[in-house]
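If you want the building blocks of each chain, they are given just below.
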Amino acid sequence: MSETVLDVRGFNCPLPVLKANRALRGLGAGDSLRVLATDRASVSDFRSFCKETGHALVAFGEEGDVLSFVIRKKADPVES
């Protein structure tokens, strides 16, 4: 499993979540995406995004004005 870093510092809502969603599409199930953001609204946006999509918000941190979110991509739906 790998981790990809997405730097969306300086972008405001809804762009951090939209860019993260696009980045997650290119990852495999179980891979992680670390998002670096500065928009304070991202905290609630990423919590809501993960709850709605089924991806796991596995870590959140803050260093200075930079917010860090680690999102683990959910398993792809099984085709019948």
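Please refer to the structure placed before this passage.
Residues numbered from 1 in each chain as written. Predicted model: local features only at pLDDT ≥ 70, side-chain atom pairs only at ≥ 80, totals over all residues. Heavy atoms only, no water.

Q: Would you take a moment to explain the pattern of salt bridges for this structure?
A: A side chain of one charge can pair with a side chain of the opposite charge when the charged atoms of the two come close. For the coordinates displayed, the defined rule picks out 3 salt bridges. Between Glu 3 and Arg 34 there is a salt bridge; the shortest N-O distance is 3.1 Å. Taken together, the residues span a long stretch of sequence, with Glu 3 in strand β1 (residues 3-7) and Arg 34 in strand β2 (residues 32-37) at a distance of 31 residues. (Salt bridge = Lys/Arg side-chain N within 4 Å of Asp/Glu carboxyl O. Helix = DSSP H or I, 4+ residues; strand = E, 2+ residues; numbered from the N terminus.)

Q: Looking at this structure, how should I read the environment of Phe 46?
A: Position of Phe 46 among the secondary structure elements: in helix α2 (residues 42-53). For Phe 46 and Ile 71, which are 25 residues apart along the polypeptide, the C-alpha to C-alpha distance reads 8.9 Å. Every residue in contact with Phe 46, bar those within four places of it in the chain, is listed here: Pro 16, Val 17, Ala 20, Val 35, Phe 69 and Ile 71. (Contact = heavy atoms within 4.5 Å.)

Q: What should I look at first to understand the packing of aromatic side chains in this one?
A: Centre distance and the angle of the planes are the two values used to describe a pair of aromatic rings. Evaluation of the coordinates by the stated rule reveals 2 aromatic pairs. Between the aromatic rings of Phe 60 and Phe 69, the centroid separation amounts to 5.1 Å while the plane-to-plane angle is 40°, which identifies the pairing as tilted. Residue Phe 60 is classed as partly exposed on the basis of its relative accessible area of 36%. Following the ring pairs from residue to residue traces out a cluster consisting of Phe 46, Phe 60 and Phe 69. One residue, Lys 19, lies across the ring of Phe 11, its end atom 4.9 Å from the ring centre. A cation sits over an aromatic face here: Arg 47 above Phe 60, 6.0 Å from the ring centre. (Phe/Tyr/Trp six-rings, centres within 6.5 Å; stacked < 30°, edge-to-face > 60°. Buried < 20%, exposed > 50% of the residue type's maximum accessible area, 1.4 Å probe, protein only. Lys NZ or Arg CZ within 6 Å of the ring centre and 35° of its normal.)

Q: Explanation requested: the nonpolar core in the structure shown.
A: Within soluble globular proteins, side chains that are nonpolar generally end up buried alongside one another. Within the largest apolar cluster, 16 residues are counted, with the highest numbers of intra-cluster contacts made by Leu 33, Val 35, Phe 46 and Phe 69. Of the residues forming this core, the biggest block, 4 residues, is contributed by α2. (Core = buried A, V, L, I, M, F, W, Y, C linked by side-chain atoms within 4.5 Å.)

Q: Is there a simple way to think about the environment of Val 58 in this case?
A: Here Val 58 is to be found in strand β3 (residues 56-63). Note: C-alpha distance between Val 58 and Thr 38 (20 residues apart in sequence) is 19 Å. Not counting residues within four places of it along the chain, the set of residues in contact with Val 58 comprises Val 70 and Arg 72.

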